[in-house]
Amino acid sequence: MDTASSQRAPSGGGERQVSRRVALGVGCGLVLAACARPQQAPVATLGLAASPTPTGLGSPASGSPGPGSPGLGSPGLGSPGLVGGPAGASLSEVEAAFGSVQPSRWGLEVPGVVTRLNTGDQKVVALTFDACGGRGGSGYDSALVALLRRHRIKATLFLNHRWILANREVARELAQDPLFDLANHGTRHQPLSVRGRWAYGISGTRSVREVYDEVETNAAFMADLLGRPVRLFRCGTAFYDDVAASVVRDLGMYPVGFTVNGDGGATFSARQVATAMRAVRPGAIVIGHMNHPLHATAAGMSRALPELSGAGYEFVHLAEHIT
């Protein structure tokens, strides 16, 4: 069990949000159950061709930008601590644009963070599964992936830098499967803040520079794996402040949250997973975890996904419906 796996949302936190948003299940803090405390992550390559690092200047995004806003072009390939890409601002630019800006919002739902699909009443749902990495969090739920393949169900997989290092061959295999769209789950799995905010026992990034490194180090690493830039980013714990979310967008990526907490951070029983998934409505983004093979996410999804299919839902890649 990971560092945060036994933690529930504190009084006044996630458990009180159930009536406001059923997506949080029995407490939003349980999202952390599948994830370990951030540790220093080595920057490594997968032995593939290195990605180019084209220069290009982005425009700072602010507030809650939508399609066509500054910083929302094709995401850049990036390079750790150097420069974003064709639509991504450089470190010096984001520090100049956001270094003195004070955040005003913090949490799971802040301006600029994508928490549902732009699909209206269409019966579509985006399944997303995090692989958080780190001590106790680098397992691989092959049964879950086999379930998705057996039923030809699309999913978006958010991979942390440390998880990829521990599962290099699996990461290569997943990258070649068109059922799966791979996305960025950060470098050290930290909440994304410019002032060092904490979420459920995990310390967040403390500055614009640390936000940049948390996002761009793994973005460049994943570009080597995929042969293309990543477009989506979800931070550890899915907690952001509004300035950090704007930095992500200025780097050419969409910061992502969720609508439905499908497995409570891989702590739910199979029955609880199936129950939580009944909260899915058109346009929902489901968060689950693919790094705890001994837990019940796969068993619960094996009950829930046929129910959703039978109800007429289509499973889509997240990136297909947020542009």
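Above this text sits the structure in question.
Residues numbered from 1 in each chain as written. Predicted model: local features only at pLDDT ≥ 70, side-chain atom pairs only at ≥ 80, totals over all residues. Heavy atoms only, no water.

Inspection of every chain in the model, using the stated rule, returns 9 salt bridges. One salt bridge connects E320 with K154, and the closest N-O pair in it is separated by 3.0 Å. Separated by 166 residues along the polypeptide, E320 in the segment after strand 12 (314-315) and K154 in the loop between helix 2 (142-150) and strand 3 (155-159) bring together distant segments of the chain. On the basis of relative accessible area, E320 is assigned to the partly exposed category, the value being 39%. Between R206 and E210 there is a salt bridge, with the nearest N and O atoms lying 2.7 Å from each other. Residues joined by salt bridges that share partners form a network here, namely R149, E173 and D177. (Salt bridge = Lys/Arg side-chain N within 4 Å of Asp/Glu carboxyl O. Helix = DSSP H or I, 4+ residues; strand = E, 2+ residues; numbered from the N terminus. Buried < 20%, exposed > 50% of the residue type's maximum accessible area, 1.4 Å probe, protein only.)

Turning to the packing of helix 2 against helix 8 (residues 297-310), a few remarks are in order. It is at 8 Å that the axes of helix 2 and helix 8 come closest, and there the two elements cross at 20°. As far as their axial angle goes, helix 8 and helix 2 are roughly parallel. For helix 2 against helix 8, the interelement crossing comes out right-handed. Residues A143, L144, L147 and L148 of helix 2 lie in contact with helix 8, whose contacting residues are T297, A298, M301, S302 and L305. Taken together, the residues that form the contact of helix 2 with helix 8 break down as 7 nonpolar, 2 polar and no charged. (Axes fitted to C-alpha atoms, helices over the stretch in contact; angles between N-to-C directions. Parallel < 35°, antiparallel > 145°, perpendicular 65-115°, else oblique. Left-handed = near helix turned anticlockwise from the far one by under 90°. Contact = heavy atoms within 4.5 Å. Nonpolar A, V, L, I, M, F, W, Y, C, P; charged D, E, K, R; others polar.)

Another point: the environment of G252. Examined against the element boundaries, G252 turns out to sit in the loop between helix 6 (242-250) and strand 9 (254-255). Residue classification places G252 among the buried positions, given a relative accessible area of 3%.

A few words on the nonpolar core. Formed by 67 residues in total, the largest nonpolar core has its most connected members in L127, L174, M277, M290 and L305. Ranked by the residues each element gives to this core, the list is headed by helix 5 (residues 208-226), at 9 residues. If we ignore the near neighbours within four places in the chain, the residues touching L174 are Y140, V145, R149, L157, W163, F180, L182 and M290. L117, A126, Y200 and F239 belong to the second-largest nonpolar core, a separate cluster that totals 21 residues. (Core = buried A, V, L, I, M, F, W, Y, C linked by side-chain atoms within 4.5 Å.)

Our next topic: the pairing of strand 11 (residues 284-289). Most of strand 11 sits out of view: 6 of its 6 residues are buried. The side-chain alternation of strand 11 yields two buried faces, one formed by A284, V286 and G288 and the other by I285, I287 and H289. In the sheet, strand 2 (residues 124-131) pairs with strand 11 via 6 bridges, with the strands oriented parallel. For F129, the partnering residue across the bridge sits in strand 11 and is G288. (Pairing = 2+ DSSP bridges.)

With that out of the way, let us pick up the environment of G262. Here G262 is to be found in the loop between strand 10 (260-261) and helix 7 (270-277). In this structure, the C-alpha to C-alpha distance between G262 and V286, residues 24 residues apart in sequence, is 5.9 Å. Not counting residues up to four positions away in its chain, the partners in contact with G262 are F268, V273, A276, M277, V286 and I287.

With that settled, the discussion passes to the packing of aromatic side chains. Scanning all chains against the criterion turns up 3 aromatic pairs. Ring geometry for W106 versus F239: centroids 5.5 Å apart, planes at 50°, classification tilted. Pair noted here: W106 is in strand 1 (residues 106-107) and F239 is in the loop between strand 7 (232-233) and strand 8 (240-241), with a separation of 133 residues, a long-range link. By relative accessible area, F239 is classed as buried at 10%. Consider the rings of Y200 and F239, whose centres lie 5.6 Å apart with planes at 80°: the pair is edge-to-face. Taken together, the residues span a long stretch of sequence, with Y200 in the loop between strand 5 (198-199) and strand 6 (202-203) and F239 in the loop between strand 7 and strand 8 at a distance of 39 residues. The residues Y200 and F239 share a single accessibility class, namely buried. (Phe/Tyr/Trp six-rings, centres within 6.5 Å; stacked < 30°, edge-to-face > 60°.)

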